[in-house]
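# Geometric and topological summary
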Amino acid sequence: MTSRSDRIIKTPQVEEPTSPALAHKDLYSVPENSNVRIKQVAGTHALKEQLKQMGIFAGDLILVKRRVPFGGALLVEHHGAQLAISKVLAKQIVVEGPE
Amino acid sequence: VKIVLVGQPNCGKSTLFNSVAGYRSMTANFPGATVHYTRSRMYLNGTEAELIDLPGIYSLTTSNPAEVASRDFLLSGEVDAVINVIDASQLSRSLELTLQLIDLGLPVVVCLNMLDEARRKGFQISSGKLSTLLGCPVRETIASEGIGIFQLFQTVRQAGSGKQKRVQPRFSWHKDVEEVIQEMVSHLGENLFSLNCVSPRLCAIKLLEADEFFLNQLSEPVRRVAAEYRRKLAESHGQPAEGVIESERHALSMHLFQEVTTISRPRADFREKLDGLLTHRILGYLALTASLALFFLLVYGFGKLVEPPVLNLFDQGIASLGRKLEGFPAVFIVLKGILQGLAGGVAIVLPYLFPFLVGMAVMEDVGYLPRVAFLMDTFMHRIGLHGTAIVPAILGYGCNVPAVMATRILSSRRDRFIAAVIATFTPCSARMTVIFGLVAFYAGPLWALFIYGLNILVIALTGKILSAMMPEATPGMILEVPVFHLPKISIILRKTWLRMREFVVVAWPLLIAGSVILSVGEYLHWDDLVNRALHPFMSVLGLPSSVGTTLIFGVLRKELSLLMLFQALGTSNVTDVLTIPQIMVFTLFVTFYIPCVATIAVLLKEIGWKLTLAAIGYTLVLATAIALAARFLFSVFPLF
């Protein structure tokens, strides 16, 4: 019991980087067919603008459907819409999950 | 009365427009199919109105020139009513634009389009509830089937007449944010003179979002006030002011969506399986190669079947006419010119152009292009662009003019320039008729395929060279990939006709006139002058000097270089005069040299005269180099 509640109140700084449920990573490293949640968008102002314009915000769920090997694009689903995203951009989107 | 169609990309604005105006605005199943606005007159219960189809926008804060055109039109003060077209299957995201349009203060009618698609996804949307919440009328349509359009325009007529009384929307922003907006509005007051048509509320919100366009319209003191309020918002919310406003709008859209929609299980669909195949890491590329090969074979097969018998018919006609008019050489010369011009169009251009344009239309309407963009993104990155730039490149195979205009969907200036140059290099349908009518016909389809392959290589190299000269990184692709649509035969045919009309009404008369001029000139020996002037150049390429004039005609319209070739050589069997290597050299030169007049005109508009001149010079040098290399190679390796 105590160990469980301990885990809940752990602050992010002390969390184990190997824990798959909590590890921070970029969208590009997510395997096919997994759902992740957008944590934040790093990168340029232009990228942030473009994502926001398309209604993509931190906290939203994203499903990675397809990935092209050798540095190719990702095909993701967001709120029922499919989007193709270049590797350079996907690398700047920080996500958590899979959940 | 001016009514505009506004909505996010690929929500069916142009389909709706066409259902009222006839097939005038090019529709296709990819975001950004419309890059400039189309107008049409229409009658709404006896009163004349103008309907304007605008390029799609995700927000009133814009990121590319196509979107800027839409925003500027919306803010021009000329608009009487707005039809906000929404893809109902993307309701939550679409509402973000709707909220901004409502703040704009113009009469808005929301058109919930693509209801069939939404139902398939399991969305049941209560349009009555949405209407109450938004405070504006909401109508349901399926524009591709023509359903609900009459009712929509009835509503628009009432809204545009200004008689309908304003209803307050039933949604609200968080109180603290709303207060800041209100205070900002009170500061705007008379400062809005340069934007007199914009509602103060929208302006205030955009200033808080630090939208550069709106900031630049206002005086320094107002900008300072805006900065002050942005700081205040940022302080109280712990994130930048634009983030506060955007999150607020996002939350509101999600909330509205959840209020009006009940979600049930989506219906399974064969299209998902098809999508899975076409975007697969291996099968996707195989399918892409297979569909391009099939496309090529269909165009070649159809043309090969139709060309010889029709050409024969005209040849016999001209021969028998010659016998009948033996005593009147002048009349015969003119008639022969006209007939040969007609023959060129009917027998040589249309048999390839028609199946090609049908194939292009099917590819566009099915929604394959965004998938190709997805698959080709890495390749495009290697040549310094990103996946979205494949859309103008592929459109270039139809015609370079819309292809250059389609570069407006790219947000970076550098990308637009490189994509525009690449688009002018893609062999358009006119050059396709030269490649098929000459090379495939005389040297075999594999050689035609070789030219297409070589062309892709040249495009890749050009992209590499240009991006090395402009090392600024490409921003990368975020492209919506819409669901597949079964194309409608009637739409495909109307679209094909709209494009073929260009050939029939512009090129054909020019072709017949040119044909007559050449025929008469030949009789009077004018062509000798031109040919003598071009003689040195032609002899370098190893071509007879009589071919020189055809290259001049080719600058007017590319297919003319083929058709005038028959005319200039005085035969419909080119191999009587030219050897196969000469045919290859000629076609290679025609494929790569100077873009046609119409393309030059659109390049001037999109990239300016300096870069256009540079592009023309580059194509000329490149075409000569390739033709010379081909001449040399074919003389060393006699492949034919």
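Just so you know, these numbers come straight off a predicted model, no measurement behind them. Once a new chain begins, its residue numbering starts again from 1 and follows that chain's sequence as written. Chain A is the first chain written and ligand 1 is the first ligand written, with later ones labelled in order. Totals for whole chains, interfaces and linings use all residues, but because this is a predicted model, local features are given only for residues with pLDDT of at least 70 and pairs of side-chain atoms are given and counted only at 80 or more. For the side-chain quantities, the full set of heavy atoms in the structure was used; hydrogens and water were omitted.

### Here's the deal with the environment of Asn18 of chain B
All names here are of chain B. Strands are runs of DSSP state E lasting at least 2 residues, helices are runs of H or I lasting at least 4, and numbering of each runs from the N terminus. Counting through the fold element by element, Asn18 comes out in helix 1 (residues 13–21). Taking the relative accessible area as the measure of exposure, Asn18 reaches 9% and is therefore buried. Distance from Asn18 to Ala143, taken between C-alpha atoms, is 9.2 Å for residues 125 residues apart in sequence. Exposure is judged per residue with a 1.4 Å probe applied to protein chains only, and the accessible area is read against the type maximum: over 50% gives exposed, under 20% gives buried, and values in between give partly exposed.

### Remarks on a positive patch on the surface
To count toward a patch, a residue needs a relative accessible area above 30% and no salt bridge. Like charges then connect within 9 Å, nonpolar side chains (Val, Leu, Ile, Met, Phe, Trp, Tyr) within 5 Å. Surface accessibility follows the Shrake-Rupley procedure with a 1.4 Å probe radius. Residue values consider only the protein chains on display as shielding. The working definition used for a salt bridge is a side-chain nitrogen of Lys or Arg within 4 Å of a carboxyl oxygen of Asp or Glu. The convention is simple: Lys and Arg are positive, Asp and Glu are negative, and His and the chain ends are not counted. Charged side chains are reduced to one point each, which is NZ for Lys, CZ for Arg, CG for Asp and CD for Glu. Side chains of Lys87 and Lys91 of chain A together with Arg382 and Lys464 of chain B sit close together on the surface and give a patch of like positive charge. Turning to its location among the elements, Arg382 of chain B is positioned in helix 15 (residues 368–382).

### Describing a nonpolar patch on the surface
All names here are of chain B. A grouping of Phe270, Leu274, Leu277, Ile282, Leu283, Leu286 and Leu486 is seen on the molecular surface, where their side chains present a nonpolar patch of about 690 Å² in accessible area. Of all elements in the fold, only helix 12 (270–278) and helix 13 (283–324) reach the threshold of two or more residues within the nonpolar patch. Among the elements that take part in the nonpolar patch, helix 12 stands out by supplying 3 residues, more than any other. Within the secondary structure, Leu283 is located in helix 13. Here Leu283 falls in the partly exposed class, since its relative accessible area comes to 38%.

### Thoughts on the confidence of the model for chain B
Per-residue confidence from the predictor is given as pLDDT, running between 0 and 100. Per-residue confidence for chain B gives a mean pLDDT of 89; residues scoring 70 or more make up 98%. Note on the complex model: pTM 0.87, ipTM 0.84.

### Some remarks on the packing of aromatic side chains
Two numbers describe a pair of aromatic rings. These are the distance of the centres and the angle of the planes. Residues and elements named next belong to chain B. Geometry of aromatic contacts follows a simple scheme: Phe, Tyr and Trp rings, the Trp one being its six-membered ring, pair when their centres are within 6.5 Å, and the pair is stacked under 30 degrees between planes, edge-to-face over 60, tilted otherwise. Applying the stated criterion across every chain yields a total of 18 aromatic pairs over all chains. Grouped by ring-pair contacts, the aromatic residues Phe296, Tyr300, Tyr352, Tyr397, Phe436 and Tyr452 constitute a single cluster. Here the basic side chain of Lys304 rests over the ring of Phe441, its NZ or CZ set 4.7 Å away from the ring centre. By definition, being over a ring means that NZ of Lys or CZ of Arg is both within 6 Å of the ring centre and within 35 degrees of the ring normal. Here Arg371 stacks its cationic end above the ring of Phe484, 3.8 Å away from the centre of that ring.

### Examining the environment of Gln40 of chain A
All names here are of chain A. Tracing the backbone shows Gln40 in strand 2 (residues 34–41). Sequence separation of Gln40 and Gln92 is 52 residues, and the distance between their C-alpha atoms is 8.7 Å. Whether two residues are in contact is decided by their heavy atoms: any pair within 4.5 Å suffices. Here Gln40 is in contact with Ala58, Gln92, Ile93 and Val94, once residues within four sequence places are set aside.

### Details of the pairing of strand 2 of chain A
Residues and elements named next belong to chain A. When DSSP locates at least two bridges between a pair of strands, those strands are taken to pair. Here 4 bridges tie strand 2 to strand 3 (residues 61–67), and the two strands are oriented antiparallel to one another. Across the sheet, Val36 pairs through a bridge with Ile62, a residue of strand 3. Pairing between strand 2 and strand 6 (residues 93–96): 4 bridges, direction antiparallel. Within the sheet, the bridge partner assigned to Arg37 lies in strand 6 and is Glu96.

### A short note on the packing of helix 13 of chain B against helix 19 (residues 429–443) of chain B
Residues and elements named next belong to chain B. Working convention: axes come from line fits to C-alpha atoms, limited for helices to the stretch in contact. Angles between N-to-C directions cover 0 to 180 degrees. Axis separation between helix 13 and helix 19 bottoms out at 11 Å; the angle between their running directions is 70°. Classed by the angle they form, the pair helix 13 and helix 19 counts as roughly perpendicular. For the pair helix 13 and helix 19, the contacting residues are Phe296, Val299, Tyr300, Lys304, Glu307 and Pro308 in the first and Met432, Phe436, Gly437, Ala440 and Phe441 in the second. Throughout, the ten residues Ala, Val, Leu, Ile, Met, Phe, Trp, Tyr, Cys and Pro are labelled nonpolar, Asp, Glu, Lys and Arg are labelled charged, and all others, Gly among them, are labelled polar. Here the contact of helix 13 with helix 19 is composed, by residue class, of 8 nonpolar, 1 polar and 2 charged. Angle categories: roughly parallel below 35 degrees, roughly antiparallel above 145, roughly perpendicular from 65 to 115, and oblique for all the rest.

### Concerning the interface of chain A and chain B
Each side of the interface is counted separately: chain A has 32 residues, and chain B has 36 residues. Buried area: the accessible surface (1.4 Å probe) lost by two parts on joining, summed over both. Across the interface of chain A and chain B, roughly 2900 Å² is buried in total on both sides, 55% from carbon and sulfur atoms. Sorting the residues of chain A by area buried against chain B places Gln53, Met54 and Arg66 of chain A first, and these three jointly supply 23% of that buried surface. The tally of links from chain A across to chain B stands at 2 salt bridges.

### What to know about unusual backbone geometry
All names here are of chain A. Of note, Phe70 is a non-glycine position whose phi angle comes to about 60°, a positive value. Counting through the fold element by element, Phe70 comes out in the loop between strand 3 and strand 4 (74–78). With a phi close to 50°, His79 is a non-glycine residue in the positive phi region. Within the secondary structure, His79 is located in the loop between strand 4 and strand 5 (81–85). You can call His79 partly exposed: its relative accessible area is 33%.

### Notes on the pattern of salt bridges
Residues and elements named next belong to chain B. Counted by the stated rule, this structure contains 31 salt bridges over all chains. A salt bridge links Asp275 to Arg371; the nearest nitrogen and oxygen atoms lie 2.8 Å apart. Here Arg371 lies in helix 15 and Asp275 lies in helix 12, a separation of 96 residues in the sequence. For the pair shown, Asp275 and Arg371 are each scored as buried. A cluster of three or more residues bridged by salt bridges with shared partners is formed by Lys2, Arg39, Glu50 and Glu78.

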